[in-house]
Amino acid sequence: MALTQPTMTETLAASLPNPNAPIGIFDSGIGGLSVAQEIAQYLPNERIIYFADTAHVPYGPRTGDEIRKLTAQAIEWLYQQGCKAVVVACNTASAFSLDYLRDHYGEHFPIIGLVPALKPAVLHSKSKVVAVLATPATFRGQLIQDVVTKFAVPLGVKMLPITSLELVPLVEAGRQFSDECIQILQNILQPAVDQGADYLVLGCTHYPFLKPAIEQLYGSQLKLIDSGLAVARQTAQILLKYNLLRNVKFTDSTQIQCYMSGEDTERVRMVIQHLMPLHVRWNVIKT
Ligand code: DGL
């Protein structure tokens, strides 16, 4: 059968923004669901495809090149699923990949990234000492350094960087309330409290799931801040700018379709069950 060339109208239709397409959301693991649930609630008409690279989590201890390569593969997968835009719901991946991804896909595939919410913490801190809990790779990246230079330094605010390689695996295992996790949080956060920090920035998308535990330990001393709602608002603005907002009431049964690169889908499903608000409809599939 002879192939027919697409008509001018078909070519134009294929290149037009499609508001009915899903939003792609990516994280190394299940942490980005803290962002996905904010987006699902802020934009209830939107369908979400969430990709968790559970075969390679954690990204935090990896080199910049490894993080960039794994992130590029994940975003290409979401692009191939027909997503209209993508949110890199991972501070670590954003730190090494945003420039590359935006150059690669250009304007017709908007890429929204994350940086720890240091700016609002700096602007509100009374003690002028702000702690940031993030992965070692996020602190090596340029994005957070830029926020320090632009906001913390001019306002005389000291940033205390805090890292732990154990917290992400504990959240992935659903062990955020375990004695081990509480002990680690106490060990790493007490020095920041002793140095006068009044804000703690949760600079990794896994860490909003540690909020109840941290509040129990330091609720009276540290105000917690994360990027979830700000990213949901920014996503709405970007979709509006590119005429990509979906205005039709959402009727499908599943709002967040989660895909996992790892094998253990059942275990991940059980962990997510405890993290997701009841009214957000989701499902898990192996890629
Ligand atoms: N959730 C990711 C972030 O926001 C990092 C987790 C990891 O180390 O893979 O930085």
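Higher on the page you've got the structure.
Residues numbered from 1 in each chain as written. Predicted model: local features only at pLDDT ≥ 70, side-chain atom pairs only at ≥ 80, totals over all residues. Heavy atoms only, no water.

Q: Honestly, the sheet that holds strand β7 (residues 199-202) in this entry has me stumped. Any pointers?
A: Consider a sheet: its strands pair through backbone hydrogen bonds, and that pairing is either parallel or antiparallel. An order of β6-β5-β7-β8 is seen for the four strands of this open sheet, with the pairing classed as parallel. Strands with a single pairing partner mark the edges of an open sheet, and in this sheet they are β6 (158-162) and β8 (223-225). Mean inter-strand twist for the sheet, computed between neighbouring axes without regard to direction, equals 25 degrees. Here three bridges tie β7 to β8, and the two strands are oriented parallel to one another. Bridge pairing in β8 places Leu200 opposite Leu224. Sheet contacts for helix α9 (residues 179-194): β5 (129-133), β6 and β7; angle to β6, the most-contacted strand, approximately 170 degrees. (Pairing = 2+ DSSP bridges. Helix = DSSP H or I, 4+ residues; strand = E, 2+ residues; numbered from the N terminus. Axes fitted to C-alpha atoms, helices over the stretch in contact; angles between N-to-C directions. Contact = heavy atoms within 4.5 Å.)

Q: What should I look at first to understand the sheet that holds strand β9 (residues 256-260) in this one?
A: Spatially, the six strands line up as an open sheet ordered β4-β3-β1-β2-β9-β10, and their pairing is parallel. Of all strands in the sheet, those bounded by a partner on one side alone are β4 (111-112) and β10 (282-286). Sheet topology places strand β2 (residues 48-52) next to β9; five bridges connect them, and they run parallel. From the neighbouring strand, Ile49 faces β9, where its bridge partner is Gln257. Running at roughly 160 degrees to β10, helix α12 (residues 265-275) makes contact with β9 and β10 of the sheet.

Q: Is there a simple way to explain the site of the ligand in this structure?
A: In the vicinity of the ligand lie 14 residues, with Ser28, Tyr59, Gly60, Thr92 and Thr205 positioned nearest. Here an oxygen atom of the ligand and a backbone polar atom of Tyr59 are 2.6 Å apart. A total of 300 Å² of accessible area belongs to the ligand in isolation, and the protein chains cover 99% of it. The residue inventory of the shell around the ligand, partitioned by class, reads six nonpolar, seven polar and one charged. (Near = heavy atom within 4 Å. Polar contact = N/O pair within 3.5 Å; in protein donor to acceptor, adjacent residues only side chain to side chain. Areas by Shrake-Rupley, 256 points an atom, 1.4 Å probe, with all protein chains shown as cover. Nonpolar A, V, L, I, M, F, W, Y, C, P; charged D, E, K, R; others polar.)

Q: I tried to follow α12 on my own but got confused; where do I start?
A: Along an α-helix, a turn takes 3.6 residues, which lines up residues three or four apart on a common side. Taken together, the buried positions of α12 are Thr265, Val268, Val271, Ile272 and Leu275. Buried residues along α12 cover an arc of 125 degrees about the axis, so they all sit on one side. Seen from the open side of α12, the exposed residues pointing more than 90 degrees away from its buried face are Met270, Gln273 and His274. Each element contacted by the buried residues of α12 is listed here: α2 (33-42), α8 (167-172), β9 and β10. (Buried < 20%, exposed > 50% of the residue type's maximum accessible area, 1.4 Å probe, protein only. Arc of directions from axis to C-beta.)

Q: I would appreciate a short explanation of the side chain of Thr205 in the present structure.
A: Inspection of the secondary structure puts Thr205 in the loop between β7 and α10 (211-218). In terms of polar contacts, Thr205 uses its side chain to reach the backbone carbonyl oxygen of Ala89, at 2.9 Å. If we skip the residues at most four places from it in the chain, Thr205 touches Asp27, Gly31, Gly32, Ser34, Val35, Ala89, Cys90, Asn91 and Leu114.

Q: What is the right way to look at the packing of α9 against α10 in this model?
A: To describe two helices that pack against each other, one gives the angle between their axes and the distance between the axes. Contact pair α9 / α10: the axes reach a minimum separation of 11 Å and the direction vectors enclose 55 degrees. The orientation of α9 relative to α10 falls into the category oblique. Once α9 is placed against α10, the crossing between them reads as right-handed. Touching Ile182, Leu185, Gln186, Leu189, Gln190 and Val193 of α9 are Ala213, Ile214, Leu217 and Tyr218, all from α10. Tallied by class, the residues present in the contact of α9 with α10 amount to eight nonpolar, two polar and no charged. (Parallel < 35°, antiparallel > 145°, perpendicular 65-115°, else oblique. Left-handed = near helix turned anticlockwise from the far one by under 90°.)

Q: It is not clear to me how the packing of α2 against helix α11 (residues 228-241) should be interpreted in this structure. Could you clarify?
A: It is the contact of α2 with α11, at a shortest axis distance of 8 Å, that shows an interaxial angle of 50 degrees. Viewed along their axes, α2 and α11 adopt a mutual orientation that is oblique. As α2 runs across α11, the sense of the crossing is right-handed. Note on element contacts: α11 touches α2 through Gly228, Leu229, Val231, Ala232, Arg233, Thr235 and Ala236, opposite Val35, Glu38, Ile39 and Tyr42. Its residues assigned to classes, the contact of α2 with α11 shows seven nonpolar, two polar and two charged.

Q: Explain the state of the cysteines here, please?
A: Cysteine pairs can be linked by a disulfide, which is a covalent bond between their two sulfur atoms. The tally for this structure, following the rule as stated, stands at zero disulfides. The cysteine Cys83 is free of any disulfide, with Cys258 supplying the nearest cysteine sulfur at 13 Å. You can call Cys83 buried: its relative accessible area is 6%. Taking the relative accessible area as the measure of exposure, Cys258 reaches 0% and is therefore buried. (Disulfide = S-S within 2.5 Å.)

Q: Got a minute to help me understand α11 in this structure?
A: Helix length check: α11 (14 residues) gives 20 Å between terminal C-alpha atoms against 20 Å at 1.5 Å per residue, within 8%. Within α11, burial applies to Gly228, Val231, Ala232, Thr235, Ala236 and Leu239. One face of α11 carries all of its buried residues, which in axial projection span an arc of 145 degrees. Among the exposed residues of α11, those oriented more than 90 degrees off its buried face are Gln237, Leu240 and Lys241. Among the structural elements, β1 (23-27), α2, β3 (85-88) and β4 are those in contact with the buried residues of α11. Asn243 occupies a position one or two residues after α11 and carries a positive phi of about 55 degrees. (Expected span 1.5 Å × (residues − 1).)

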